[in-house]
Amino acid sequence: MPRKVVFTATGAPEVLTVRETPLPQPGPGELRIRVQALGLNRAEALYRAGTYLEQPQLPATPGYEAAGTVDAVGEGVTGFRIGDAVDSVPAFDQNDYGVYATHALVPARAAVHRPIHLSAVQGAATWMPYLTAYGALVEDGHLRPGDHVLLTAAASSVGLAAIRIARRIGAVPIATTRTRAKTRQLLDAGAAHVIVTGEEDLPARVRDITGGEGVRTVFDAVAGPGVNTLAGTIAPGGHLIVYGRLDTRDTPMPGQDTFAPVSSRFYTIHEVSRDAQRLRRGHAFITAGLADGTFTPAVDRVFEGLDSIVEAHRYLEAGTQVGKIVVTVTD
């Protein structure tokens, strides 16, 4: 019997339950995926808690990233056949589609073919991190060979993908972490430098690393008042790109007191995933990196079965992971 994760009230991970459900039927433009693995995202935890950009329409099922095989094809869908190995990408609202299930419906435009050498677990750990970093750093030309880029919360799956993307295009990734515990893993992932923000003066270290020039780009997952400190690390004409909100306080406009020549903007993966041409280019870029070994899916921990979803969300919220948390679907 098909099953899915449901919550009927917002709150802590314990609001998530697993229920039997009728087999969903794909409508026009949709695919049904027989799910083998799920990639977890902080956006899903915020959605569950009722603090995300979209308020859940209860009862709700969370989830953006499902890896599996095409199980049924809706009317008008081309390019996919039953049995194809596919992964979903975040290109929809969770109120419309939620993939924490044994059988998930997704719009065909939100599915990509998984490279043949990737497992379902690896597929669930690839697209959100790499597409997020690709869109911010590559698609709009914010990072070039030889540029320095500062990456906050660099031990996240997106941060690790950004390190590898920077390396692939010849840029110099500078990773930040709050404690020394993740330093070795960040260096092993390809960071040229690691700054421990709980112990070191961030602007001073960046000046030292860059010979006083500053970085061309800051790719920030934190937001909040700390962006003023980040802005002080950016070279004139550089960019601050904020893609997360780990700090829920108001985010000021950097440079408002000094009129520093820094461009700042908020960014989400949807700028790539909901644009067919950008998604096509991102898929080609990432697939090429996977093929030559430059890119590797970073999996921190794998939980087995939908019934482990509460434990997996608790682990997600603990914030100790380096890379992606994946839940396999064995039902």
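In case you missed it, the structure is sitting above this.
Values in this document were obtained by computation on a predicted structure and should not be read as measured data. (Residues numbered from 1 in each chain as written. Predicted model: local features only at pLDDT ≥ 70, side-chain atom pairs only at ≥ 80, totals over all residues. Heavy atoms only, no water.)

Q: Can you walk me through the side chain of Arg164 in this structure?
A: Among the structural elements, Arg164 can be located in helix H4 (residues 157-168). The side chain of Arg164 sits in the buried core without any salt bridge; Asp188 is the nearest counter-charge, 9.0 Å away. Beyond its immediate chain neighbours, meaning those up to four positions away, Arg164 contacts Tyr130, Ala189, Thr294, Phe295, Thr296 and Ala298. (Helix = DSSP H or I, 4+ residues; strand = E, 2+ residues; numbered from the N terminus. Buried < 20%, exposed > 50% of the residue type's maximum accessible area, 1.4 Å probe, protein only. Lys, Arg positive; Asp, Glu negative; His and termini not counted. Salt bridge = Lys/Arg side-chain N within 4 Å of Asp/Glu carboxyl O. Contact = heavy atoms within 4.5 Å.)

Q: Would you take a moment to explain the environment of Glu75 for this structure?
A: Summarising the element assignment, Glu75 is placed in the loop between strand E4 (65-73) and strand E5 (85-88). Taking the relative accessible area as the measure of exposure, Glu75 reaches 65% and is therefore exposed. It is 34 Å that separates the C-alpha atoms of Glu75 and Ala136, two residues lying 61 residues apart in sequence. Residues in contact with Glu75, not counting those within four places in the same chain, are Gly27, Pro28 and Gly29.

Q: In this structure, what is going on with the sheet that holds strand E13 (residues 263-266)? I would like to understand it.
A: In space, the six strands of this open sheet follow the order E10-E9-E8-E11-E12-E13, with parallel pairing throughout. On the outer flanks of this sheet lie strand E10 (193-196) and E13, each paired with one strand and no other. Across the sheet, the mean angle separating the axes of adjacent strands is 15° when strand polarity is ignored. When strand E9 (residues 172-177) meets E10, the two strands line up parallel, connected through four bridges. Looking at E10, one finds that Thr177 is bridged to Val196. The strands that helix H6 (residues 202-209) touches are strand E8 (148-151), E9, E10 and strand E11 (215-220); relative to E10, the one it contacts most, it runs at about 160°. (Pairing = 2+ DSSP bridges. Axes fitted to C-alpha atoms, helices over the stretch in contact; angles between N-to-C directions.)

Q: Is there a simple way to think about the packing of helix H3 (residues 127-139) against helix H9 (residues 276-291) in this case?
A: Between two packed helices, both the angle of their axes relative to each other and the distance between the axes serve to describe the pair. Two numbers describe how H3 lies on H9: the axes approach to 10 Å, and their chain directions differ by 110°. Compared by their axis directions, H3 and H9 come out roughly perpendicular. On H9, the residues touching Trp127, Tyr130, Leu131, Tyr134, Val138 and Glu139 of H3 are Arg278, Leu279, Arg281, Gly282, His283, Phe285, Ile286 and Thr287. Of the residues that constitute the contact of H3 with H9, the class distribution is eight nonpolar, three polar and three charged. (Parallel < 35°, antiparallel > 145°, perpendicular 65-115°, else oblique. Nonpolar A, V, L, I, M, F, W, Y, C, P; charged D, E, K, R; others polar.)

Q: Just checking my understanding: could you explain the packing of H3 against H4 for this structure?
A: Contact pair H3 / H4: the axes reach a minimum separation of 8 Å and the direction vectors enclose 55°. Relative to H4, the element H3 is oriented oblique. Between H3 and H4 the crossing geometry is right-handed. Listed contacts from H4 to Met128, Pro129, Tyr130, Thr132, Ala133, Tyr134, Leu137 and Val138 of H3 are Ser157, Val158, Ala161, Ala162, Arg164 and Ile165. Its residues assigned to classes, the contact of H3 with H4 shows eleven nonpolar, two polar and one charged. (Left-handed = near helix turned anticlockwise from the far one by under 90°.)

Q: I'm lost on H4 in this one. Help?
A: For the α-helix, the turn length of 3.6 residues means that residues three or four positions removed from each other point alike. Between its terminal C-alpha atoms H4 stretches 17 Å, which fits the 16 Å expected from twelve residues at 1.5 Å a residue. Of all twelve residues making up H4, ten are buried, and the element is well covered by its neighbours. Burial in H4 covers these residues: Ser157, Val158, Gly159, Leu160, Ala161, Ala162, Ile163, Arg164, Ile165 and Ala166. Positioned one or two residues after H4, Gly170 has a phi angle of 90°, which is positive. (Expected span 1.5 Å × (residues − 1).)

These figures come from the coordinates and say nothing about function on their own.
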